[in-house]
Amino acid sequence: MQVKINTLTPELFLELYTSVGWEPPCIEQAAKALENTLVSFTAYENGKAIGMVRLIGDGGMSFYIKDFAVVPAFQSKGAGSLMMWELEKYIRESIAPNWAVSLELISTKEAVAFYKKMGFEERPCDYSGPGMSKMIKRS
């Protein structure tokens, strides 16, 4: 298994996105999201893409994990952990020495245990209030 950086195409994004049962955006919206992504990571097994994650943010103080998906047949087999390690390595190498940054996400209920294993705290906690989100749609 290996992880490659910035090999995610809109078509591959939609394939991996729908593999976990998520309702996909249109291909143009996926392309725009990828265009504005800081970096993407794709896990491959024998040359076939089996997982993806996008990293978005400002590169200085805040990073956000988005669209973290692993094909169900490959879940709990190390692909997610490998992508997370590569993502965190990327952040450490891209920030200045002695900087501390925030790495955030919104988890599905099913993935909470995975993220906790990777060192994430559930919110609310002593430091932070609950995570919040809002969907905005143009008519």
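As the structure is a prediction and not an experimental result, all values here were calculated from the model.

Peer 1: Please give an account of the packing of helix α1 (residues 10-19) against helix α2 (residues 27-35) that cites residues and values.
Peer 2: Relative orientation of the contacting elements α1 and α2 amounts to 105 degrees, with a least axis distance of 9 Å. Compared by their axis directions, α1 and α2 come out roughly perpendicular. Contacts from Pro10, Glu11, Phe13 and Leu14 of α1 reach α2 at Ile27, Ala30, Ala31 and Leu34. Taken together, the residues of the contact of α1 with α2 break down into 7 nonpolar, no polar and 1 charged.

Peer 1: Describe the packing of aromatic side chains, and please don't skip the residues or the numbers.
Peer 2: For the structure on display, the rule yields 7 aromatic pairs. Where Phe41 meets Tyr90, the ring centres are 6.1 Å apart and the plane angle is 75 degrees; that geometry is what we call edge-to-face. Taken together, the residues Phe41 in strand β2 (residues 39-45) and Tyr90 in helix α3 (residues 79-94) connect sequence positions 49 residues apart. Seen from their ring centres, Phe68 and Tyr115 are 6.0 Å apart, and the 85 degrees between their planes marks the pair as edge-to-face. With a gap of 47 residues between them, Phe68 in strand β4 (residues 62-70) and Tyr115 in helix α4 (residues 112-117) connect regions that are remote in the sequence. For the pair Phe68 and Tyr115, one class covers both residues: buried. Three or more aromatic residues joined by ring pairs make a cluster, and in this case those are Phe68, Phe114, Tyr115 and Phe120. The cationic tip of Lys4 hangs over the ring face of Tyr44; the distance from NZ or CZ to the ring centre is 5.1 Å.

Peer 1: Pulling in residues and values, what's your account of the pattern of salt bridges?
Peer 2: Taken as a whole, this structure holds 5 salt bridges when the rule is applied. In this structure, Lys32 and Glu35 form a salt bridge, with 3.6 Å as the shortest nitrogen-oxygen distance. Of this pair, Lys32 and Glu35 both sit in helix α2, 3 residues apart, which is roughly one turn of the helix. With a relative accessible area of 56%, Glu35 lands in the exposed category.

What counts and what doesn't
- Residues numbered from 1 in each chain as written.
- Predicted model: local features only at pLDDT ≥ 70, side-chain atom pairs only at ≥ 80, totals over all residues.
- Heavy atoms only, no water.
- Axes fitted to C-alpha atoms, helices over the stretch in contact; angles between N-to-C directions.
- Helix = DSSP H or I, 4+ residues; strand = E, 2+ residues; numbered from the N terminus.
- Parallel < 35°, antiparallel > 145°, perpendicular 65-115°, else oblique.
- Contact = heavy atoms within 4.5 Å.
- Nonpolar A, V, L, I, M, F, W, Y, C, P; charged D, E, K, R; others polar.
- Phe/Tyr/Trp six-rings, centres within 6.5 Å; stacked < 30°, edge-to-face > 60°.
- Buried < 20%, exposed > 50% of the residue type's maximum accessible area, 1.4 Å probe, protein only.
- Lys NZ or Arg CZ within 6 Å of the ring centre and 35° of its normal.
- Salt bridge = Lys/Arg side-chain N within 4 Å of Asp/Glu carboxyl O.

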